[in-house]
Amino acid sequence: MQSFLPAAWAPAIAGALAILLIVVIALILRKIANRLITRVVRRASSSSGGSIAGRLRGKQTTTLEGLDAVAAERRRQRAETIGSVLRPVASIVILGTAALTVLDRLSIPIAPLLTSVGIVGVAVGFGAQELVKDFIAGMFMLLEDQYGVGDVIDAGAAVGTVEAVTLRITQLRDVDGRVWYVRNGTITRVGNESQGWSRATVDVPVAYASDIPAVRDLLKDVVEDMWNEPTYRSVMVEEPQVWGIEQISDTAIVFRISAKTIPARQAEIARELRIRIKSALDRASIAIAG
Amino acid sequence: MQSFLPAAWAPAIAGALAILLIVVIALILRKIANRLITRVVRRASSSSGGSIAGRLRGKQTTTLEGLDAVAAERRRQRAETIGSVLRPVASIVILGTAALTVLDRLSIPIAPLLTSVGIVGVAVGFGAQELVKDFIAGMFMLLEDQYGVGDVIDAGAAVGTVEAVTLRITQLRDVDGRVWYVRNGTITRVGNESQGWSRATVDVPVAYASDIPAVRDLLKDVVEDMWNEPTYRSVMVEEPQVWGIEQISDTAIVFRISAKTIPARQAEIARELRIRIKSALDRASIAIAG
Amino acid sequence: MQSFLPAAWAPAIAGALAILLIVVIALILRKIANRLITRVVRRASSSSGGSIAGRLRGKQTTTLEGLDAVAAERRRQRAETIGSVLRPVASIVILGTAALTVLDRLSIPIAPLLTSVGIVGVAVGFGAQELVKDFIAGMFMLLEDQYGVGDVIDAGAAVGTVEAVTLRITQLRDVDGRVWYVRNGTITRVGNESQGWSRATVDVPVAYASDIPAVRDLLKDVVEDMWNEPTYRSVMVEEPQVWGIEQISDTAIVFRISAKTIPARQAEIARELRIRIKSALDRASIAIAG
Amino acid sequence: MQSFLPAAWAPAIAGALAILLIVVIALILRKIANRLITRVVRRASSSSGGSIAGRLRGKQTTTLEGLDAVAAERRRQRAETIGSVLRPVASIVILGTAALTVLDRLSIPIAPLLTSVGIVGVAVGFGAQELVKDFIAGMFMLLEDQYGVGDVIDAGAAVGTVEAVTLRITQLRDVDGRVWYVRNGTITRVGNESQGWSRATVDVPVAYASDIPAVRDLLKDVVEDMWNEPTYRSVMVEEPQVWGIEQISDTAIVFRISAKTIPARQAEIARELRIRIKSALDRASIAIAG
Amino acid sequence: MQSFLPAAWAPAIAGALAILLIVVIALILRKIANRLITRVVRRASSSSGGSIAGRLRGKQTTTLEGLDAVAAERRRQRAETIGSVLRPVASIVILGTAALTVLDRLSIPIAPLLTSVGIVGVAVGFGAQELVKDFIAGMFMLLEDQYGVGDVIDAGAAVGTVEAVTLRITQLRDVDGRVWYVRNGTITRVGNESQGWSRATVDVPVAYASDIPAVRDLLKDVVEDMWNEPTYRSVMVEEPQVWGIEQISDTAIVFRISAKTIPARQAEIARELRIRIKSALDRASIAIAG
Amino acid sequence: MQSFLPAAWAPAIAGALAILLIVVIALILRKIANRLITRVVRRASSSSGGSIAGRLRGKQTTTLEGLDAVAAERRRQRAETIGSVLRPVASIVILGTAALTVLDRLSIPIAPLLTSVGIVGVAVGFGAQELVKDFIAGMFMLLEDQYGVGDVIDAGAAVGTVEAVTLRITQLRDVDGRVWYVRNGTITRVGNESQGWSRATVDVPVAYASDIPAVRDLLKDVVEDMWNEPTYRSVMVEEPQVWGIEQISDTAIVFRISAKTIPARQAEIARELRIRIKSALDRASIAIAG
Amino acid sequence: MQSFLPAAWAPAIAGALAILLIVVIALILRKIANRLITRVVRRASSSSGGSIAGRLRGKQTTTLEGLDAVAAERRRQRAETIGSVLRPVASIVILGTAALTVLDRLSIPIAPLLTSVGIVGVAVGFGAQELVKDFIAGMFMLLEDQYGVGDVIDAGAAVGTVEAVTLRITQLRDVDGRVWYVRNGTITRVGNESQGWSRATVDVPVAYASDIPAVRDLLKDVVEDMWNEPTYRSVMVEEPQVWGIEQISDTAIVFRISAKTIPARQAEIARELRIRIKSALDRASIAIAG
């Protein structure tokens with residue numbers, strides 16, 4: 001090991017220059033890394049989902065206008081959120097390396113430092129796995145634009161309207177007003193109910209003794225009437241369909257009606273369909289069976 | 001390896017100076033680290049949830065006044081709790097490193113020490129994973145202000161009113177008076193029922209033979225009457241809604257009524273609604289069906 | 001350790017040449033690796049599934065014509081997707097090695113760099129396991145051509161039509177219009193309903209007192225009539241079969257009818273069968289039993 | 001490597017002195033560590049739960065007198081139990097380090113020893129994870145005073161009265177007399193039924209046709225009568241409340257009555273309430289419905 | 001570290017010879033390894049299951065003739081599949097070692113290379129665990145000949161006919177025509193329905209009031225008649241047995257009949273038995289009870 | 001590295017003496033370790049459960065006499081079983097260390113040996129985790145005397161009478177005569193039904209219309225009669241109690257009777273209670289309701 | 001590092017002798033290891049289960065004669081199976097160590113070899129964990145003789161008759177003829193139905209109105225008659241017992257009869273009991289209730 005106080009000046013000056021060089025290079029590298037991150041993240045989040053998904057999503061942009069500005073803002077926010085996590089990580093790596101190199105240059109032993117940091121680091125590292133998992137999951141979720149504030153999603157642990165999205169957690173409000181904080185890493189699959197269209201499915205149980213063709217025609221009339229009303233047509237994507245006998249259950253013959261609606265309006269349409277069908281069956285004296 | 005007792009005085013003095021320097025630097029670094037932690041934690045906990053969440057939460061501050069002082073106190077406590085864990089960790093790292101460097105300077109072999117500590121450390125480290133997980137989960141929960149003392153939460157393992165929050169555990173009291181101690185790391189998602197509003201949902205099963213429009217009007221009258229009473233209006237956020245036929249069940253036509261209330265008052269409103277609806281249906285001689 | 005500023009020129013020139021050599025070799029190796037990856041991936045994805053599976057799949061190519069162009073396009077896209085992940089990995093390994101070798105050649109200490117990268121790497125590595133798992137699962141799924149855009153699959157977490165496939169996630173839309181994002185690594189088994197044929201199974205519960213042979217003949221007549229109609233024959237693979245008494249249940253004798261159809265048409269055939277059977281039983285006055 | 005038999009006496013004496021010094025320092029350090037552990041544990045267990053929890057628990061100390069001596073004894077035992085585990089761990093680390101340093105001083109190779117211990121250690125270490133987890137869980141449970149001997153707890157795996165608590169296991173006796181040994185590390189959440197108060201909840205199903213206001217008044221009379229009897233008042237915390245219609249079930253209108261009692265007396269109060277309500281309903285000829 | 005350009009020729013020639021030797025040895029070792037793998041795999045797959053299983057399986061070879069050629073072909077394919085995975089692994093180990101030794105001989109630093117490969121390797125290694133698991137599971141499954149193309153198996157995740165078997169996945173087609181891709185490593189137990197024999201089990205519920213001995217005799221007559229018909233005898237292994245009262249259920253006395261058939265024909269026999277029993281009971285006016 | 005064949009005799013003799021010393025010390029250490037293990041284990045198993053548990057268990061020793069000899073024998077066997085595992089482990093560590101030290105002394109390279117053992121060791125180590133877990137669980141189970149041969153326990157995986165206990169597995173026989181082999185490490189909690197007392201709980205459902213006080217008195221008479229009979233009194237710990245209305249179920253008012261018995265006799269007492277209650281209710285013409 | 005081509009002959013000869021010595025020692029060690037394994041395994045498998053279990057199992061050897069020869073053969077096969085796995089492992093360790101030592105002696109660098117093997121080894125090692133687990137589980141299962149070919153076992157994943165046992169898997173055939181391959185490592189507990197005795201349990205539900213003592217006597221008569229018949233007595237271990245009222249169920253008073261039989265004959269005895277009881281109840285006009 002070299003002495004702590006150098007004997008001659010020549011190596012000291014060389015050393016000082018080397019340290020200066022290291023610091024300058026580190027600062028330049030950090031600047032480059034930050035720019036790179038900004039550019040990569042921006043590009044990645046603007047082309048989210050890639051070509052195949054892009055074409056499919058292309059269709060649904062026609063259903064609601066004026067979404068472009070919202071989408072652009074969302075994209076900008078996403079790029080910022082991801083960058084705000086990646087940038088400090090890059091800085092820590094570059095500056096930490098520079099610091100260690102300088103210490104090494106100065107002949108200061110870095111083994112004790114590494115030992116201390118290592119022991120604490122391993123202890124924390126195991127426990128922090130889940131944290132890293134959450135951040136990685138959140139990053140990809142944002143990059144792939146799986147959902148955003150305002151979407152109704154099924155995150156497994158909870159179902160509701162997204163109120164906030166961070167890299168670590170997703171915050172939902174369910175139908176009872178409960179606010180759910182779900183860690184992104186625990187969401188293995190997510191269902192988004194606010195993309196493209198939704199389907200209202202109404203099952204109508206009629207008694208075994210009912211006249212099947214008559215019931216079928218009656219149901220067809222009900223859905224046709226509803227399709228012809230502008231109020232409902234504006235929230236439906238196509239004319240509702242009577243799918244026939246879905247099941248011969250324990251107690252009834254079950255007919256199924258399917259109606260494609262714009263996102264998040266299916267419950268409303270289903271309720272209206274149920275009221276109209278009940279009235280029509282009553283008028284035709286066809287018994288509903290449990 | 002150098003001799004244990006140094007032959008000449010010059011290196012001894014140089015060594016003593018070096019050790020002194022190490023100790024002084026360590027103490028200064030520790031002071032800086034503590035200040036830094038205090039500042040970072042305070043800033044993080046005062047801007048909890050960030051911009052997107054902030055705007056959404058902004059709305060709900062109007063429902064209950066005088067919360068500002070409570071929130072400030074809560075924020076201060078949170079910052080203190082988190083700091084009380086991070087500060088000793090920083091101290092251990094800095095002082096440990098200093099101690100090892102001094103030992104190394106004195107030519108005392110530190111390998112045996114590291115070996116002993118390492119063996120015990122690994123043995124404990126594996127088992128302590130969950131502990132670290134709990135602390136990390138607790139820290140983020142506090143930083144994001146997911147819930148506080150007095151909130152009614154659903155922590156998965158238990159549902160109840162929060163009685164105490166530490167970095168390791170959350171203490172709840174459920175409706176039967178049972179006190180639950182839940183480790184923060186085991187809470188993968190949490191539902192807070194005390195933020196913004198709650199919804200009371202009342203299902204009314206009526207017999208198949210009932211007159212649907214009449215039932216609908218009757219239910220509308222009931223909720224309107226209730227909305228017009230100041231006692232109930234003060235705990236409701238908007239006029240209750242009759243959502244129509246939610247389900248054609250095995251034995252009945254089920255109507256659903258929804259009422260948005262201020263947090264934690266939904267059960268009360270639901271019970272009042274049920275009594276009023278039952279009386280109204282009795283008066284109108286409409287049969288309830290199981 | 002050598003001095004940072006070399007004393008004589010000879011080793012400096014030798015060093016510069018060595019560095020040049022390293023860089024040139026690295027660039028050549030990278031080019032070779034990229035070509036190799038392209039070729040291997042293309043070959044692997046064109047012979048997906050291998051000989052045994054190939055022969056079995058051979059049969060089903062007769063059911064739908066004109067699929068060759070689609071399949072070729074799909075194959076090309078798969079090769080591209082996989083290559084786009086493998087190529088950067090190879091580049092990182094080769095260029096990283098070259099960079100480290102050059103640094104080493106220049107007598108710049110690389111230990112501090114490795115330490116910084118290592119600590120961050122381990123911290124991230126644990127959390128990134130799942131990410132790697134997703135990519136590996138996605139790669140094999142693509143290579144084995146388990147499913148493609150447009151197929152109806154059961155991915156465990158969700159069932160629906162594939163809308164997009166990336167190396168990390170599979171995007172489905174279920175029957176209610178919900179869009180599901182499922183991580184490939186969480187799909188331990190996948191069921192594809194769009195390969196070869198599907199089967200419609202219809203259970204007919206008749207009362208205990210029914211005349212068994214009569215019911216059997218009646219059901220046989222129904223399926224024969226249907227098989228003779230060109231509309232339905234075109235979507236069926238073979239004549240539907242009456243399998244006999246499948247079960248003596250709590251309340252009925254249950255007959256089972258099985259009809260092989262072309263993929264994704266089974267629900268339609270099953271509904272038509274149910275309507276026809278119900279009518280036939282009504283005509284023959286045979287009671288259905290729950 | 002130095003020769004095993006030293007040639008001259010001077011270094012031998014120096015070595016002997018060094019060894020003596022090591023042993024003395026180790027013994028002093030051990031003494032200090034033991035004292036430190038005793039003090040820290042005692043302080044930690046006397047301020048269990050900290051400020052927030054303390055204030056809440058403060059209320060419940062009024063419900064039962066004479067608990068102070070019991071609590072002090074419990075606290076002392078807890079401190080002792082925790083200390084009895086931490087002290088040997090500290091001793092092993094300090095004495096092990098000293099032993100290795102001495103061996104190293106004597107130029108005896110310690111690598112073989114470390115290898116043997118290491119191989120056995122790793123083999124055992126993996127399997128002992130759960131053991132360490134149990135001890136850590138037990139230590140925190142004791143420090144936080146989550147439950148003690150005599151409390152009725154729900155430990156997930158078993159519900160019953162605590163008969164013994166060690167750092168590794170909790171021993172319960174359930175209502176059937178079965179003795180349960182539950183490892184502390186497997187208790188992710190624990191519910192303590194013996195803190196503060198318990199609630200007796202009685203559901204009363206009455207027929208649809210019942211006169212709702214009459215039933216309500218009748219129930220109110222029953223609970224008021226009971227509250228006025230000193231025998232029952234002494235075990236209740238506040239007057240029982242009639243909460244109204246909790247549910248319109250399949251077969252009945254369900255009223256709910258809630259009574260806060262002192263801990264562990266809720267079952268008794270609930271049974272008495274049921275008998276009185278049944279008699280009152282019989283007297284008023286109101287039909288109970290399943 | 002030696003100079004990159006050697007000063008004298010003697011060591012250079014010695015080095016070149018050493019490198020040549022290394023390459024030659026490596027190629028020879030690889031050839032030997034490949035041959036060894038081929039031989040071991042072939043021997044292992046021809047004696048699949050070993051002595052105990054062999055004797056048991058010996059019996060069932062009498063049930064179906066002409067299987068020898070099929071089995072031999074299957075065995076050859078299995079050996080090939082396993083060899084095609086083991087051979088590249090052996091090549092990578094041997095050639096990689098040779099390459100590293102040559103680099104080392106040439107005084108080229110290999111640490112940077114190992115570092116780069118190591119970091120990527122660990123990152124991928126964690127995620128690839130499942131992949132290795134799948135391959136190992138697949139290898140043993142093939143060696144033990146647990147199932148082959150055409151067998152009907154229950155793989156837990158899916159039940160159906162095996163369509164293809166690779167080292168990584170098993171491809172099944174279930175009864176509804178769905179094609180399942182199941183990773184071999186996720187199959188913890190597998191049930192093969194196509195080995196030796198299958199059993200048809202038919203439960204006959206008769207009313208409490210039935211004459212027990214009469215029902216027993218009647219059932220015995222039915223199975224005897226069926227056993228005497230050549231069509232059914234050819235698919236049955238032994239005469240069906242009436243096992244007596246299996247259960248006194250909620251609503252009926254349940255008789256059980258058991259019939260051993262050749263593999264995969266049990267459903268057919270069970271259906272025929274049910275039809276015959278129903279007719280016989282009708283003739284004897286014995287009531288079936290749910 | 002020293003030459004393999006020593007040039008002069010002096011170091012050889014010194015070396016031989018050193019080796020002799022190492023062997024002698026190792027043998028002495030081993031003897032000491034064995035004695036220590038014997039003493040520690042014996043002391044630990046004689047004071048099983050410690051002070052708190054001891055006092056509680058103290059009560060139950062009065063219920064059955066002559067248990068002292070059995071307990072002493074059990075304790076001796078436990079100490080022997082645990083010692084038989086710990087002793088070889090200690091021997092392996094001590095002798096292995098000695099062997100490595102001797103090899104090192106003889107200048108024989110031990111790195112290759114460690115490498116071979118290490119590779120096999122890691123491969124086996126991962127898989128052997130569960131084995132070590134089983135042994136550790138078994139050791140603590142024995143030390144804490146959780147159960148012994150003859151006890152009826154609920155081990156989660158199986159319930160039955162303990163037939164044998166080893167450090168790795170517990171062997172039970174359930175009520176159907178099935179013998180269960182349960183790995184100790186998989187038993188996270190165990191319930192012992194043979195310690196102290198058991199409780200027989202009998203629920204008596206009576207019709208809604210029953211006279212509640214009359215039923216109560218009748219039940220009290222039944223249990224008093226039974227308590228007065230010496231045959232039953234000898235197996236009961238205290239007089240059975242009538243707990244009142246436990247539940248107002250769908251179809252009945254349910255009374256609960258509780259009887260504390262000596263261990264494992266509760267089923268017998270419960271059956272006798274049911275027969276006597278049924279007869280008493282019949283005599284009093286009170287209807288039982290499902 | 002020594003030169004590859006030695007300058008003088010003396011060290012070369014010394015080296016050659018050393019290598020020869022290493023090889024000879026390795027071969028001798030291997031022989032010793034193999035013998036040791038054979039002896040240890042044989043001893044371990046002949047004293048399977050140890051003293052406590054031995055005494056208990058002693059009783060059941062009286063139930064079936066001529067089992068000694070079978071048991072001896074089984075024991076021999078077990079020893080052979082275990083030895084066939086342990087022997088190659090020992091050989092690999094000893095020969096691998098020798099090979100590495102020889103390479104090291106020849107001054108051939110072994111680091112590259114270890115690196116290659118290490119990288120592949122770790123990659124495979126993680127995936128092979130389960131394989132090692134299976135082998136360890138299989139080894140202990142064989143040593144403890146938990147079950148053998150022909151026993152009926154409940155392995156959790158499947159229940160059936162054991163057809164083959166290897167160190168990795170257990171092969172069962174269930175009652176439907178399905179052949180199950182279960183990995184030994186996935187069997188956490190196993191129930192063996194073929195050891196000692198089995199119990200037939202028959203529940204007899206009679207109507208509430210039945211005369212309890214009369215039913216009891218009638219049941220006692222039935223079991224006594226059956227016990228007196230030699231055909232049934234030979235398969236029963238003791239006289240069947242009438243246990244009294246097991247349950248007052250929703251619809252009936254349930255009596256329970258218990259009969260201990262020799263292993264695997266309980267179903268037969270239970271069916272005969274049911275037929276006899278039904279006839280006896282019919283004769284006595286006592287109604288069975290669901």
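Residues numbered from 1 in each chain as written. Chains lettered and ligands numbered in written order. Predicted model: local features only at pLDDT ≥ 70, side-chain atom pairs only at ≥ 80, totals over all residues.

**With respect to the overall build of chain A**
When helices and strands are counted, chain A shows seven helices and eight strands. In chain A, which comprises 290 residues, the proportion classed as buried is 35%. Sequence separation of 24 or more characterises 66% of the internal contacts of chain A that already satisfy a separation of 6 or more. (Helix = DSSP H or I, 4+ residues; strand = E, 2+ residues; numbered from the N terminus. Buried ≥ 20, exposed ≤ 12 C-beta atoms within 10 Å, placed from the backbone. Contact = placed C-beta atoms within 7 Å.)

**Overview of the relation of the copies chain D and chain F**
By a simple turn and slide, chain D fits onto chain F: the slide is 0.0 Å along the axis, the RMSD is 0.1 Å, and the turn is 51 degrees. Taken together, the interface assignments show that only 2% of the residues at the interface of chain D recur at the interface of chain F, consistent with different surfaces on the two copies. (Least-squares fit on C-alpha atoms with pLDDT ≥ 70 in both.)

**Observations concerning the UniProt feature "domain: Mechanosensitive ion channel MscS" (unreviewed entry) in chain A**
Residues annotated in UniProt with the feature "domain: Mechanosensitive ion channel MscS" (unreviewed entry) correspond here to residues 131-191 of chain A. Strand forms 38% of residues 131-191 of chain A and helix 21%; the C-alpha atoms that close the span are 23 Å apart. (UniProt positions renumbered as here; feature names shortened; annotations may be inferred.)

**Describing the interface of chain E and chain G**
The interface of chain E with chain G comprises 48 residues on the first partner and 46 residues on the second. When residues of the side of chain E that touches chain G are assigned to their parent elements, the largest contribution, nine residues, is made by helix H4 (residues 111-143) of chain E. Residue classes in the side of chain E that touches chain G are distributed as 22 nonpolar, 17 polar and nine charged. With four bridges joining them, strand E5 (residues 189-192) of chain E and strand E4 (residues 179-183) of chain G adopt antiparallel strand pairing. By the bridge assignment, Asn192 of chain E is partnered in E4 of chain G with Val179 of chain G. (Nonpolar A, V, L, I, M, F, W, Y, C, P; charged D, E, K, R; others polar. Pairing = 2+ DSSP bridges.)

**Focus on unusual backbone geometry**
One non-glycine residue with positive phi stands out, namely Ala264 of chain A, at about 70 degrees. Mapped onto the elements, Ala264 of chain A comes out in the loop between strand E8 (253-261) and helix H7 (266-283).

**Focus on the interface of chain D and chain F**
Listed as interface residues are 46 residues of chain D and, on the opposing side, 48 residues of chain F. Put simply, the parts of the chain that give the side of chain D that touches chain F at least two residues each are helix H4 (111-143), strand E2 (159-165), strand E3 (169-173), strand E4 (179-183) and helix H7 (266-283) of chain D. Here the side of chain D that touches chain F takes 15 residues from H4 of chain D, the largest share from any one element. When its residues are assigned to classes, the side of chain D that touches chain F shows 28 nonpolar, nine polar and nine charged.

**Here's the deal with the sheet that holds strand E7 (residues 241-248) of chain D**
Residue and element names in this part refer to chain D. Within the open sheet, the three strands sit side by side as E6-E8-E7. Their pairing is antiparallel. Looking along the sheet, the strands with just one partner apiece sit at the ends: strand E6 (198-206) and E7. The mean inter-strand angle of the sheet, taken between neighbouring strand axes irrespective of direction, is 25 degrees. Relative to strand E8 (residues 253-261), E6 runs antiparallel, the two sharing nine bridges. Pairing of Thr201 across the sheet is with Ser258, part of E8. (Axes fitted to C-alpha atoms, helices over the stretch in contact; angles between N-to-C directions.)

**Let's talk about the pairing of strand E2 (residues 159-165) of chain F**
All names here are of chain F. Counting buried positions along E2 yields five of seven residues, so the element is predominantly enclosed. Both strand E1 (residues 152-154) and E2 contribute to a ladder of three bridges, which runs antiparallel. Residue pairing across strands places Val152 opposite Thr161, the latter belonging to E2. What sits between the antiparallel neighbours E1 and E2 is a turn of four residues, in which Gly156 has the positive phi angle 85 degrees. Pairing of E2 with strand E3 (residues 169-173) involves four bridges; the strand directions are antiparallel. Considered in E3, the bridge of Thr161 is made with Arg173.

**Description of the relation of the copies chain E and chain G**
Of the transformation placing chain E onto chain G, the axial shift is 0.0 Å and the rotation is 51 degrees, giving an RMSD of 0.1 Å. Counting the interface residues of chain E, we find that no more than 2% of their copies in chain G are interface residues as well, pointing to two distinct contact surfaces.

**Overview of helix H5 (residues 212-228) of chain E**
Residue and element names in this part refer to chain E. With 17 residues, H5 extends 25 Å from end C-alpha to end C-alpha; this agrees with the ideal 24 Å at 1.5 Å per step. Looking only at H5, the buried set comprises Val215, Leu218, Leu219, Val222, Val223 and Met226. For H5, the angular spread of buried residues about the axis comes to 130 degrees, placing them on one side. Projecting away from the buried face of H5 at angles above 90 degrees are the exposed residues Pro213, Ala214, Glu224, Asp225 and Asn228. (Expected span 1.5 Å × (residues − 1). Arc of directions from axis to C-beta.)

**Things to note about the environment of Leu114 of chain C**
Residue and element names in this part refer to chain C. Mapped onto the elements, Leu114 comes out in helix H4 (residues 111-143). The class of Leu114 is partly exposed, set by 19 C-beta atoms lying within 10 Å. For the pair Leu114 and Leu100, spaced 14 residues apart in sequence, the C-alpha to C-alpha distance is 9.6 Å.

**Things to note about the environment of Leu20 of chain A**
With respect to the helices and strands, the residue Leu20 of chain A is situated in helix H1 (residues 10-46). Considering only alpha carbons, one finds Leu20 of chain A and Val102 of chain A, 82 residues apart in sequence, at a separation of 9.0 Å.

**A word on the sheet that holds strand E7 (residues 241-248) of chain F**
The strand order across the open sheet formed by three strands is E6-E8-E7 (chain F), and the pairing between neighbours is antiparallel. Each having just a single partner strand, strand E6 (198-206) and E7 of chain F make up the two edges of the open sheet. The mean inter-strand angle of the sheet, taken between neighbouring strand axes irrespective of direction, is 25 degrees. The strands touched by H7 of chain D are E7 and strand E8 (253-261) of chain F; relative to E7 of chain F, the strand with the most contacts, the crossing angle is about 65 degrees.

**Observations concerning the environment of Ile288 of chain E**
Residue position: Ile288 of chain E is located in the segment after helix H7 (266-283). In the structure, Ile288 of chain E is positioned 137 residues away from Asp151 of chain E in sequence and 36 Å away in space, judged by C-alpha atoms. Once you skip the residues sitting within four places of it in the chain, Ile288 of chain E turns out to touch Tyr208 and Ile248 of chain C together with Pro205, Val206 and Leu281 of chain E.

**What to know about the packing of helix H5 (residues 212-228) of chain A against H7 of chain A**
All names here are of chain A. Interaxial distance between H5 and H7 falls to 10 Å at its minimum, and their mutual angle equals 135 degrees. What the angle tells us is that H5 and H7 run oblique. With respect to the hand of their crossing, H5 and H7 are arranged in right-handed fashion. In contact with Leu218, Leu219, Val222 and Met226 of H5, H7 contributes Glu272, Leu273, Arg276, Ile277 and Ala280. Here the contact of H5 with H7 is composed, by residue class, of seven nonpolar, no polar and two charged. (Parallel < 35°, antiparallel > 145°, perpendicular 65-115°, else oblique. Left-handed = near helix turned anticlockwise from the far one by under 90°.)

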